[in-house]
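So the chains spell out like this:
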Amino acid sequence: MYLTKKNNFFHGIVFHHFHDSKNHMKSQGSISNDEFYKIIDFIGKKNILNSEDFFEKYHKGKIKENEVCLTFDDAIKCQIDVALPILEDLKIKSFFFVYTSMFEDKPDNLEIFRFFRTNCYKDINRFYKDFFKSLDKNFENFFIEKRDIINERKKRYPFYTHDDLKFRLVRDEYLREENYEKVMLDLMKKKNFVPEDNYKNLFFEKKDIIKLDKLGHSIGLHSHYHHTKKEKLSYQDQLEDYSKNKLFLSEILNKSSNYIQTASHPFGSYNQDTLKVLDNLGIKLAFKDSMLIEKEKKMKRINNSKFEIAREDHINILRRINL
Ligand SMILES: [Zn+2]
């Protein structure tokens, strides 16, 4: 049974990566078609609303506590190849939140790096070996300094291996964004990996967005550049970013600009300016990426506003099924 005391309020379920035996390799956090069916079964199909019904019922204040919707972030091709046939089979219309910089040949590097380490290495440990080898010598001291943090995180995230945690720490706190990109680009060069050759297998194409829309799924904003920290941008920069996203999507769909009315916050990052931006762009409903009531975001309750609808991650649901 999916609903518990902790989650018996309406919300979205957020999906990212899927794998199959053909084009999409298994990667951290990815699920198979069987697992996708399992999750839907576990939630209970009767509890899952079509995206348009969710939207309408929300605005009429009529969503019941047990009702959820399915949402897909980041415009990744595996969603089209693996998840969409199942959604169509079960007749579940869903939300797809699409960032659009890939249509300017500037997709999110994080997605490319993930693809690279999944497809160019036999397993993640070989990637870590290569990655750590390519760093300068100081990083050993860095690990010694951060030993307590690693141990603390081990308790918090028991599903991560020691190397998973080391990698994340180096990426986020030792190298930081720019240097991390440099290290990854070097590794990619050494393996003769050309990102552009893989775009088709990795990201939505325009025709995928058109297809989803024609099938009755809802296309929503996810910002143009998939920044990890949207909340650090000024109001003006956020407005430009989301406006561009909206323009791209309405042009691809050949619809008027008020056709798109929903959004999700990339990496769950937003501030009060973001909410104003969404409002000014005519957005009527937006989703967070977690079930947390975040005090620093001035949230007072779950589903705090029409732009802060909670979502549970598919990985957390799968973990509960497998307990
Ligand atoms: Zn995202």
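A few points on the structure. The shown structure was predicted, so the numbers you read here are calculated from the model rather than taken from an experiment.

1. Some remarks on the overall build of the chain
- Scanning the chain from terminus to terminus reveals 13 helices and 7 strands.
- Radius of gyration (C-alpha) of the chain: 20 Å, near the 20 Å computed for a compact globule of 323 residues.
- Dimensions of the chain, computed from C-alpha atoms along their principal axes, come out at roughly 60 × 45 × 40 Å.
- For the chain, the residues scored as buried account for 51% of the 323 residues in total.
- The long-range share in the chain, meaning contacts at least 24 apart out of those at least 6 apart in sequence, stands at 71%.
- Summed over its atoms, the accessible surface of the chain is roughly 16,600 Å², and 49% of this surface lies on carbon and sulfur atoms.

2. Side note on the packing of helix H7 (residues 147-156) against helix H8 (residues 162-190)
- It is at 10 Å that the axes of H7 and H8 come closest, and there the two elements cross at 125°. When the axes of H7 and H8 are compared, the pair comes out oblique. Between H7 and H8 the crossing geometry is right-handed. Touching Ile149, Ile150, Arg153 and Lys154 of H7 are His162, Leu165, Lys166, Leu169 and Glu173, all from H8.

3. What about the packing of aromatic side chains?
- Scanning the entire structure with this criterion turns up 37 aromatic pairs.
- Aromatic side chains Phe10 and Tyr58 sit 6.0 Å apart centroid to centroid with 70° between the ring planes, which places their arrangement in the edge-to-face category. Highlighted residues: Phe10 in the segment before strand E1 (11-15) and Tyr58 in helix H2 (residues 51-59), separated in sequence by 48 residues. The pair formed by Phe10 and Tyr58 is uniform in burial state, with each residue classed as buried.

4. A short note on unusual backbone geometry
- Phi is positive for Asp105, close to 60°, though the residue is something other than glycine.
- One non-glycine residue, Asn303, lies in positive phi territory at about 50°.
- Mapped onto the secondary structure, Asn303 falls in the loop between strand E6 (285-287) and strand E7 (311-313).
- For Asn303, a relative accessible area of 11% puts it in the buried group.

5. A few points about the side chain of Gln238
- Here Gln238 is to be found in helix H11 (residues 235-253).
- Overall, the relative accessible area of 0% leaves Gln238 in the buried class.
- Aside from chain neighbours lying at most four places away, what touches Gln238 is Lys230, Glu231, Leu233, Asn271, Asp273, Thr274 and Val277.

6. Points about the pattern of salt bridges
- Following the criterion strictly, the structure yields 19 salt bridges and no others.
- Here Asp208 makes a salt bridge to Lys77, at a shortest N to O gap of 2.7 Å. Note that Asp208 is positioned in helix H10 (residues 206-214) and Lys77 in helix H3 (residues 77-90), a separation of 131 residues in sequence. By the burial criterion, Asp208 is buried, and Lys77 matches it.
- Lys297 is paired through a salt bridge with Glu231; the nearest N and O atoms lie 3.8 Å apart. Residue Lys297 is found in the loop between E6 and E7, and its partner Glu231 is found in the loop between strand E4 (218-221) and H11; the two are separated by 66 residues along the sequence.
- Residue Lys297 is classed as buried on the basis of its relative accessible area of 11%.
- Given the relative accessible area of 29%, Glu231 is considered partly exposed.
- Three or more residues joined by partner-sharing salt bridges are found here, namely Lys77, Glu205, Lys207 and Asp208.

7. Regarding the packing of helix H1 (residues 33-43) against helix H13 (residues 314-321)
- Where H1 contacts H13, the two axes come as close as 10 Å, and the packing angle between them is 80°. As judged from the angle between their axes, H1 and H13 are roughly perpendicular. From H1, Glu35, Lys38, Ile39, Phe42 and Ile43 reach across to H13, where they touch His314, Ile317, Leu318, Arg320 and Ile321.
- In the contact of H1 with H13, the residues fall into 6 nonpolar, 1 polar and 3 charged.

8. Quick notes on the environment of Met291
- Residue position: Met291 is located in the loop between E6 and E7.
- Classification of Met291 as buried rests on a relative accessible area of 17%.
- In the structure, Met291 is positioned 18 residues away from Ile309 in sequence and 8.6 Å away in space, judged by C-alpha atoms.
- The residues touching Met291, leaving out its near neighbours within four places in the chain, are Asn7, Phe9, His11, Ile302, Ala310, Arg311 and Glu312.

9. A short note on helix H5 (residues 124-133)
- Taken residue by residue, H5 has Phe127, Tyr128, Phe131 and Phe132 as its buried positions. Along the axis of H5, the buried residues cluster in a sector spanning 125°; they form a single face. Turned more than 90 degrees away from the buried face of H5 sit Lys129 and Lys133, all of them exposed.
- In this structure, the buried residues of H5 make contact with helix H4 (109-119), helix H6 (139-145) and H8.
- N-cap assignment for H5: the residue whose side-chain oxygen lies 3.0 Å from the backbone N of Asn125 is Asp123.

Rules used in this analysis
Residues numbered from 1 in each chain as written. Predicted model: local features only at pLDDT ≥ 70, side-chain atom pairs only at ≥ 80, totals over all residues. Heavy atoms only, no water. Helix = DSSP H or I, 4+ residues; strand = E, 2+ residues; numbered from the N terminus. Rg over C-alpha atoms; globule rule 2.2 N^0.38 Å. Buried < 20%, exposed > 50% of the residue type's maximum accessible area, 1.4 Å probe, protein only. Contact = heavy atoms within 4.5 Å. Areas by Shrake-Rupley, 256 points an atom, 1.4 Å probe, with all protein chains shown as cover. Axes fitted to C-alpha atoms, helices over the stretch in contact; angles between N-to-C directions. Parallel < 35°, antiparallel > 145°, perpendicular 65-115°, else oblique. Left-handed = near helix turned anticlockwise from the far one by under 90°. Phe/Tyr/Trp six-rings, centres within 6.5 Å; stacked < 30°, edge-to-face > 60°. Salt bridge = Lys/Arg side-chain N within 4 Å of Asp/Glu carboxyl O. Nonpolar A, V, L, I, M, F, W, Y, C, P; charged D, E, K, R; others polar. Arc of directions from axis to C-beta. Polar contact = N/O pair within 3.5 Å; in protein donor to acceptor, adjacent residues only side chain to side chain.

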